[in-house]
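# Structural overview for review
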Amino acid sequence: MNSTLSQHEPDGPGLDQATAAARLLSEGANEIGPPAGRSLWGIALEVAREPMFVLLLVSGGIYLALGEPREALALLGFVLLIMAITIGQERRTDNTLHALRDLSSPRALVMRDGQARRIAGREVVRGDLMLLAEGDRVPADGEVLQAHELALDESLQTGESEAVAKQAGCSAVLAGTLVVRGQGLVRVTATGGQTALGRIGHSLSSIADEPSPLRDGIGRLTRRLMVLALALSLAFAVLFWALRGDWLQALLAGITLAMGLLPQEFAVIMIVFLALGARRLAARQVLTRRLNAIETLGTTTVLCVDKTGTLTQNRMALAALCVGDQVLYFPKTKELPDAFHELVEYAVLASELAPHDPMEKAVHQFAGLHLSGTDHLHPAWLLAREYELSPELLAMSHLWQDGSGEQDVVAAKGAPEAMAELCQLPTASRQRVVAQAAQMASSGLRVLGVAKAMHRSQERWPDAQAAFAFEFVGLIGLADPLRPEVPSAVAQCQRAGIRVVMITGDHARTAAAIAEQSGVDGARVLSGDDIETMSPDDLAAVNVFARVTPQQKLKLVEAFKAAGHVVAMTGDGVNDAPALKAAHIGIAMGQRGTDVAREAASLVLLQDDFSAIVGAIQLGRRIFANLRQAMVYTLAVHVPIIGVSMLPVLFGLPLVLVPLHIAFLELVIDPACSIVFEAEQGGDSELMQQAPRSPSESLIDAGHVLEAVLQGLWVVLLVMCLYAWLLAQGAATDVARTASFVALVTANAALIFPTRSKRGGWRSLFSGLSATALWVLGATLAALLAVTHVPAVAGAFGFALLAPSQWLMAFAAGVALLPVFQLSKAGLKLKQQSPKA
């Protein structure tokens, strides 16, 4: 796109409506389109490719071939259930992001056909003349044609909190920045994807999303077990056919074993855990855009934070005053001595009446707090003349009329060196002012000098502010204050073994001061120039970086990743987006963050609360610990499914389980029971005292597998003994099958209690049981009653309607395993601890 306009386009009236409409059509709307979300069909196809669902569909086809459509439809219902969970989570996230995007869409005042018109920001086109005023969000890139004290907050682009002054003919404005002072006329040079903001957005497509270690691990396990399951189930089907001669029943028996061997509900449980985890994070005002970020939270070793708007509040506050040799620092000092009243008075007079500039707003707020009720505030005075900031003199002055008709009052503020020159201070005084300003700046303050002058009302106002006889009043220091929750949040991160690294585009001294206030180790501060010459290993050893460009932020994230760290990156600006996407976890600030940053991030803080990051990490660690318990439980309940599927064939007994039973167990009962573990909340304080777990750490190790197999074998023994005994007593096959199924489900539910007990003691067996656990256990009992007592449902499952005494006997047999489970777990724990004794 051309950066200049054709000669025939006039500056005054702006574009005509026809030209603007043609450009909007040919060059596109002034917006950066968000990445297209997955379609409903895309999500459905992704779910249907899982091995679990392939087996379910094959089983449904066989049931149709056997003339049993009810079973086929039931299996299809399970597939639709999981699709609904996945689609629902995706749509909730998209709706929240669309709401944020609508709130952040700017509007623009442009000249069209000689008239000033307010239009939607997306309708701005190249060549438009934009009228900017205080408080406007700039909708497109442009060159400044006219400026009156124009200054912009460019922190979303550059990371620097200080407003940047703009001059006509030699300055440009960037889309997404905010006008904080003055007015300006700007010719649009780039819109949409051609803006600096848009180019950063497009560059994100070249950065690959981080894979999910947990999903990859479960995927590898599932694929390996699928090969094993197919081989064993094929051999089992051949054995069944050889022994009984019915090839369709043999195929169903083989699929039953395959479904028992495959941990197909692993994917279901993981989706449920991550989806519920996303809802828990949402309750803490953290939006989850990518579910795999939840699992990665617990492995985070480095948290890279942007200073402006993340550690700090992205607003200015008056932090220090200097008059003569006296310096006051706030908020350490609560009261304002009389000697400092005049300094604040003239700082207010040198500011706009209703400012948007953060520094001027800070001066007004401070004066309202400390000078209210005194003679140092002058709301009745008239601002008669303004002298603007210029490249030659970094100072600005306001001339006020007090109504007396005798003396006009002039107030000026600007860079300390410029104010010393404006006041024509002697060399010694000038050196003292410069030294005082440097001392204040070393604390990370933005320092301004303040001066005053008197002018006879009858005399002509001079053309230049340097013509006034100024008297130096003092220095004021302003700072972007630290968020109050940051020090405790940083300390909690450090206790949890997480390094906090600050990356900013601001001055090194400001970065060092904020690092000291927040508790970040800032013993060494590197600048952007240092980054270009240092190796990734050297960079990864530093915690504070200043004067960093967007490209360097991305380089730092890659350096930490190359050093083996799991990196979380926070930010809110356009300049943060590439690093947000490259990090293992990108965390964007939602309230003031840009759409580009939100789209690149994995998590979005809806309330811009830094402490929510620590809460999210804590929740991520808890989710992983609870997920591990759920997976151990799931492995344990797989053992009886496998055993009860195989043993009847080997011993010449009728089959106990068919694919519909296993689908019901693995897609309804077992995942529902796993929700009990998801709701577990104990041990959070212990989790945040531990070092981050390694990304290579297995979800379940050999000890977990041994525990699961042992507990599962107890269930196999119970169910098969009960089944064989009932058949030996002359019970019908469907009666024995139903009673065995009741005992199996009850034993699985009883297994929840010892599995959730972290310490293995008898007292902890029922302690801390959540309301969710009670509801889930009640729902499991209700589902079991439904499939064994409702005639239509029981008929579909091939169950008989048991007498109450038979049902209670089977139920009691399952509950009776509870002490056996607990003793087994205690014995394994003692055996594991014995070598350490």
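Analysis parameters
Numbering of residues starts from 1 in each chain and follows the order in which that chain's sequence is written. In keeping with the model being predicted, local features are shown solely for residues with a pLDDT of at least 70 and side-chain atom pairs are shown and tallied solely at 80 or more, while totals for entire chains, interfaces and linings include all residues. Water and hydrogen atoms play no part in the side-chain values, which are based on all heavy atoms of the structure. DSSP bridges decide pairing: two strands pair if at least two such bridges lie between them. Put simply, DSSP H or I for four residues or longer makes a helix, DSSP E for two residues or longer makes a strand, and each gets a number counted from the N terminus. The axes used here are C-alpha line fits, helices contributing only the stretch in contact, and every angle between their N-to-C directions lies in the interval 0 to 180 degrees. We call two residues contacting when some pair of their heavy atoms lies within 4.5 Å. Points on a 1 Å grid, built from protein atoms alone, make a cavity when a 1.4 Å probe fits but cannot get out and make a pocket when they are open with protein on both sides within 12 Å along at least 5 of 7 lines; residues with an atom within 4 Å of a point are the lining residues. Grid points are joined across faces, edges and corners, and a volume is the space filled by probe spheres set on the points. Residue type decides the class: Asp, Glu, Lys and Arg count as charged, Ala, Val, Leu, Ile, Met, Phe, Trp, Tyr, Cys and Pro as nonpolar, and the leftover types, Gly among them, as polar. Angle categories are assigned with fixed cut-offs, so that under 35 degrees is roughly parallel, over 145 is roughly antiparallel, 65 to 115 is roughly perpendicular, and the rest are oblique. Here a crossing is taken to be left-handed if its near helix is turned anticlockwise relative to the far helix by less than a right angle, and right-handed if that turn runs clockwise. Two aromatic rings, drawn from Phe, Tyr or Trp (for Trp, its six-membered ring), form a pair once their centres lie within 6.5 Å of each other, and the interplanar angle then sorts them: stacked below 30 degrees, edge-to-face above 60, tilted otherwise. Relative accessible area decides the class of each residue, using a 1.4 Å probe on protein chains only: under 20% of the type maximum gives buried, over 50% gives exposed, and in between gives partly exposed. Remark: nonpolar core denotes a set of buried residues (Ala, Val, Leu, Ile, Met, Phe, Trp, Tyr, Cys) joined through side-chain atoms within 4.5 Å. Multiply 1.5 Å by the residue count of a helix minus one, and that product is the helix's expected span. Residues adjacent in sequence count toward polar contacts only when both atoms are side-chain atoms; beyond that, a polar contact is any pair of N or O atoms within 3.5 Å, and within protein one must be able to donate a hydrogen and the other to accept it. A pair is scored as a salt bridge if a Lys or Arg side-chain nitrogen falls within 4 Å of a carboxyl oxygen belonging to Asp or Glu. Per-residue confidence from the predictor is reported as pLDDT, a score between 0 and 100.

### Quick look at the sheet that holds strand E21 (residues 585-589)
Pairing is mixed across the open sheet formed by eight strands, whose spatial order is E8-E22-E21-E20-E9-E17-E19-E18. Both outer strands of the open sheet, strand E8 (286-288) and strand E18 (525-527), are each paired with one neighbouring strand and no more. For this sheet, the mean angle separating the axes of adjacent strands, direction not counted, is 20°. Judged from the two bridges that link them, strand E17 (residues 499-503) and strand E19 (residues 544-546) form a sheet pairing that is parallel. Counted as the bridge partner of Ile503 is Phe545 from E19. Lying over the sheet, helix H20 (residues 550-562) contacts strand E9 (302-306), E17, E19 and strand E20 (567-571), oriented at roughly 160° with respect to E20.

### Focus: empty space enclosed by the protein
Summary: where empty space remains is shown by rolling a probe the size of a single water molecule over the atoms. Summed over the entire model, instances satisfying the criterion amount to two cavities of 30 Å³ or more. Each pocket or cavity is described by its volume, and for the second largest cavity that value is around 30 Å³. Lining the second largest cavity are Arg107, Ala108, Leu109, Arg118, Leu131, Leu132, Asp136, Arg137 and Pro139. When residues of the lining of the second largest cavity are traced back to their parent elements, those giving at least two are strand E1 (107-112) and strand E3 (129-132). For the lining of the second largest cavity, the leading source of residues is E1, giving three residues. Looking at side-chain class alone, the lining of the second largest cavity contains five nonpolar, no polar and four charged residues.

### Some thoughts on the sheet that holds strand E12 (residues 382-387)
Judged by pairing direction, the sheet is antiparallel, and its seven strands sit side by side in the order E11-E10-E16-E15-E14-E13-E12 without closing on themselves. Strands at the two margins of the open sheet, each flanked by one partner only, are strand E11 (326-329) and E12. Across the sheet, the mean angle separating the axes of adjacent strands is 25° when strand polarity is ignored. Each of strand E10 (317-323), strand E13 (395-401), strand E14 (407-414), strand E15 (446-456) and strand E16 (471-479) touches helix H12 (residues 341-349); the most contacted strand, E15, lies at about 85° to it. Most of the contacts of helix H13 (residues 358-370) go to E10, to which it runs at about 75°, and overall it touches E10, E13, E14, E15 and E16.

### Considerations on the packing of helix H23 (residues 611-650) against helix H26 (residues 702-728)
Running from N to C, H23 and H26 point in directions that differ by 40°, and their axes come no closer than 8 Å. By the angle between their axes, H23 is oblique relative to H26. The hand of the H23/H26 crossing is right-handed. On the side of H23, the interface is formed by Arg628, Val632, Leu635, Ala636, Val639, Pro640, Gly643, Val644, Leu647 and Pro648, while H26 contributes His704, Val705, Glu707, Ala708, Val709, Gln711, Gly712, Leu713, Val715, Val716, Val719 and Met720. Here the contact of H23 with H26 is built from residues that sort into 16 nonpolar, four polar and two charged.

### Focus on the packing of H26 against helix H27 (residues 733-750)
Contact geometry of H26 with H27 gives a least axis separation of 9 Å together with a crossing angle of 160°. Classified by the angle their axes make, H26 and H27 are roughly antiparallel. For the pair H26 and H27, the sense of crossing is right-handed. Residues Val715, Leu718, Val719, Leu722, Tyr723, Leu726 and Leu727 of H26 form the contact with H27, whose own contacting residues are Thr733, Ala736, Arg737, Ala739, Ser740, Ala743, Leu744, Ala747 and Asn748. Classifying every residue of the contact of H26 with H27 by side-chain character gives twelve nonpolar, three polar and one charged.

### Focus on the packing of aromatic side chains
One pass over the full model with this rule turns up seven aromatic pairs. Relative to Phe470, the ring of Phe468 has its centre 5.9 Å away and its plane inclined at 75°; by these criteria the two rings are edge-to-face. Assigned by exposure class, Phe468 and Phe470 land together as buried. When the ring of Phe741 is compared with that of Phe799, the centres are 4.9 Å apart and the planes differ by 45°; the resulting orientation is tilted.

### Describing the nonpolar core
Ranked by size, the top nonpolar core spans 103 residues in total, and within it Leu303, Leu311, Met502, Leu603, Phe610, Leu657 and Phe741 carry the most contacts. If you tally residues by element for this core, the top one is H23, at 18 residues. Those residues in contact with Leu603 that lie beyond four places of it in its chain are Leu281, Val286, Leu287, Thr288, Ala293, Leu297, Ile585, Gly586, Ile587 and Ala588.

### Some details on the side chain of His341
Positionally, His341 belongs in helix H12. Ignoring sequence-local partners within four residues, the contact set of His341 consists of Leu336, Leu371 and His376.

### Remarks on H13
The terminal C-alpha atoms of H13 lie 18 Å apart, and with 13 residues this matches the ideal 18 Å at 1.5 Å per residue to within 8%. Turning to H13, its buried residues are Pro358, Met359, Glu360, Ala362, Val363, Phe366, Ala367 and His370. Among the residues of H13, the N-terminal cap falls to Asp357, whose side-chain oxygen and the backbone nitrogen of Met359 are separated by 3.0 Å.

### Remarks on the pattern of salt bridges
Applying the stated rule across the entire model yields 15 salt bridges. The partner of Glu143 in a salt bridge is Arg187, with the nearest N and O atoms 3.0 Å apart. Placement of Glu143 in strand E4 (residues 141-153) and of Arg187 in strand E7 (residues 178-190) is noted, with a sequence separation of 44 residues between them.

### Focus: the side chain of His661
Summarising the element assignment, His661 is placed in helix H24 (residues 659-678). Judged by its relative accessible area of 1%, His661 is buried. A distance of 2.5 Å separates the side chain of His661 from the backbone oxygen of Phe797, its partner in a polar contact. If we ignore the near neighbours within four places in the chain, the residues touching His661 are Val656, Arg737, Phe741, Phe797 and Phe799.

### Observations regarding the confidence of the model for the protein
Per-residue confidence for the protein gives a mean pLDDT of 82, with 83% of residues at or over 70. A low-confidence stretch, residues 1-10 (pLDDT under 50), is modelled with 17 contacts involving residues beyond four sequence positions or located in other chains.

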